[in-house]
Amino acid sequence: MGRVTAYADRFSALRPPAEEDFTSPLRSAAVAARVGLWLGICFGLAFLTGLISHWAQEPDAWLPFPTRPTWGYRVTQGLHVVIGVAAIPLLLVKLWTVFPKLFARPPRGLRRVVLEVGERGSIGVLVGAAIFQLASGLANSAQWYPWDFRFRSTHYAMGWIAVGALALHIAIKLPVIRTALGEPVDSSTLDREGADPVASIAPGALDRRGLVRTALLAAGVAVIATAGSTVPLLRRISVLGVRSGDGPGGIPINKSARAADVVASALSPDYRLTVTFGANSRVFTREELAALRQTSRELPIACVEGWSASGRWSGVRLRDLLDLVEAPRERAVRITSLQQRGPYRATELPAQFADDPSTLLALTLDDEPLALDHGYPCRLIAPNRPGVLQTKWVTDVEVLA
Ligand SMILES: Nc1nc2c(c(=O)[nH]1)N[C@H]1C(S)=C(S)[C@@H](COP(=O)(O)O)O[C@H]1N2
Ligand SMILES: [Mo]
């Protein structure tokens, strides 16, 4: 009865809730620290794999991106997306456990107020950046772009902000974190005033251990539900996997020839591939390319959105073509598509990729002529390279100065 009147009082006075109004013992530092530990691990790994992804897309990196292992980007980017999805339930539980703190009364004394404002400010930045990263990443992996900003640079910048705010948050909270993790999860040492330990003993009530396990279980389910986009064995149970794995040759199609508006030019008898190094230039029809020495490689398409699939590609080694125009080694190369518009119509291939014997202009996938949607007449396929840079419908190869 007492509680009902308390709610009624508050309602009539339109008073915001106070920290003590939240009586659940589940909302404790003991739970927040444990869920926070896993969340911190997820954010750390997402940050590192994110840096790798950014590095892979920077053509002028001061440290050249390696071309080996061929499946490296497939693993790091698959992890990046799966970890981000796993972090969503953890973040929700974590925010729920600390929610009452939002209504904590401000402390007394100037020094304490200043400290509190600093701490709350850093938490505000952290929460905002964390929600932004997970929401924008999830939308991007579902190929849904309900925004106007450039995804890659914004997600990258916000990653630094999130990790900086996280480091500050951990530093400030370190004493609490150490106490919480050093004691059993049921210890009430760090509980808020007003938390009601009796509530957790009530039969059937979820206890703290149960809540932490449920959060981790939800993260595990999220992983299995998305990892099928990268791990073939999980494909059939991955209901949330963005790509099903079907498409010609078992490789999904990202942008179709129709969407790229290249159907006519790709099928035209006038199609030519031009390879240029300064004044040297050679022009090839598709038949002429097929008459050159053919090389086969098993290589994955690993999309930044998290899905990936491997196939056996055959075609002309890019280095063989560069030799035909007498291009020296250690030169970057510009690859241009028949596609007229869009950010991925042309890409720059750093020198280590241009010279790599596994970098091909593929004409076939699994011994079938390339499907129109996979880049017919020919497409770039290079080892350890983000899918977004594996240019389809290639018509120009130009050695850069
Ligand atoms: N010309 C061109 N090439 C492109 C794209 C594009 O939009 N235009 N999309 C890229 C992206 S994002 C990916 S993941 C791969 C996918 O190749 P696939 O459709 O053959 O699986 O192609 C890449 N090549
Ligand atoms: Mo992609």
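In case you missed it, the structure is sitting above this.
Scope of this entry: the structure provided in the associated data block.

Conventions adopted
- Residues numbered from 1 in each chain as written.
- Chains lettered and ligands numbered in written order.
- Predicted model: local features only at pLDDT ≥ 70, side-chain atom pairs only at ≥ 80, totals over all residues.
- Heavy atoms only, no water.
- Core = buried A, V, L, I, M, F, W, Y, C linked by side-chain atoms within 4.5 Å.
- Buried < 20%, exposed > 50% of the residue type's maximum accessible area, 1.4 Å probe, protein only.
- Helix = DSSP H or I, 4+ residues; strand = E, 2+ residues; numbered from the N terminus.
- Domains from an automatic or database assignment.
- Contact = heavy atoms within 4.5 Å.
- Expected span 1.5 Å × (residues − 1).
- Near = heavy atom within 4 Å.
- Polar contact = N/O pair within 3.5 Å; in protein donor to acceptor, adjacent residues only side chain to side chain.
- Areas by Shrake-Rupley, 256 points an atom, 1.4 Å probe, with all protein chains shown as cover.
- Nonpolar A, V, L, I, M, F, W, Y, C, P; charged D, E, K, R; others polar.
- Patch = residues over 30% accessible without salt bridge, like charges linked within 9 Å, V, L, I, M, F, W, Y side chains within 5 Å.
- Salt bridge = Lys/Arg side-chain N within 4 Å of Asp/Glu carboxyl O.
- Lys, Arg positive; Asp, Glu negative; His and termini not counted.

Here we take up the nonpolar core. Core analysis: the biggest nonpolar cluster contains 50 residues, and L273, W313, L322, L361 and V397 have the highest contact counts within it. For this core, the element with the most residues is strand β7 (residues 360-365), which contributes 5 residues. Mapping this core onto the domain boundaries places at least three of its residues in each of domain 1 (2-234) and domain 2 (257-399). If near-sequence neighbours (up to four positions away) are discounted, L273 is found in contact with R282, V283, F284, L289, L321, L361, V394, T395, D396 and V397. With 22 residues, the next largest nonpolar core counts L26, A165, L166 and L211 among its residues.

Another point: helix α4 (residues 110-141). Relative to the 46 Å expected for 32 residues at 1.5 Å per residue, α4 spans 46 Å between its end C-alpha atoms, a close match to the ideal helical length. In the core, the buried residues of α4 are packed alongside α2 (29-57), α3 (72-98) and α5 (151-182). Q143 occupies a position one or two residues after α4 and carries a positive phi of about 55°.

Around ligand 1 sit 19 residues, and of these P252, N254, Q339, H374 and K392 come closest. At 2.6 Å, a side-chain N or O of Q339 approaches a nitrogen atom of ligand 1. At 3.0 Å from a nitrogen atom of ligand 1 is found a main-chain nitrogen or oxygen belonging to Q390. Relative to its unbound accessible surface of 530 Å², ligand 1 loses 98% to contact with the protein. Considering only residue class, the shell around ligand 1 consists of 9 nonpolar, 7 polar and 3 charged.

The grouping of L37, W38, I41, L45, L48, L181 and L216 at the surface amounts to a nonpolar patch, some 600 Å² of accessible area in total. Element by element, the count of residues in the nonpolar patch is highest for α2, at 5 residues. By secondary structure assignment, the location of L45 is in helix α2.

On the secondary structure map, R286 appears in helix α10 (residues 286-291). Despite being buried, R286 has no salt bridge partner; E287 is the closest side chain of opposite charge, sitting 5.8 Å away. Looking at R286, its side chain comes within polar contact range of the main-chain oxygen of P377, at 2.9 Å. Aside from chain neighbours lying at most four places away, what touches R286 is Y271, L363, P369, L370, Y376 and P377.

Remember that the coordinates give geometry; whether it matters functionally is a separate question.
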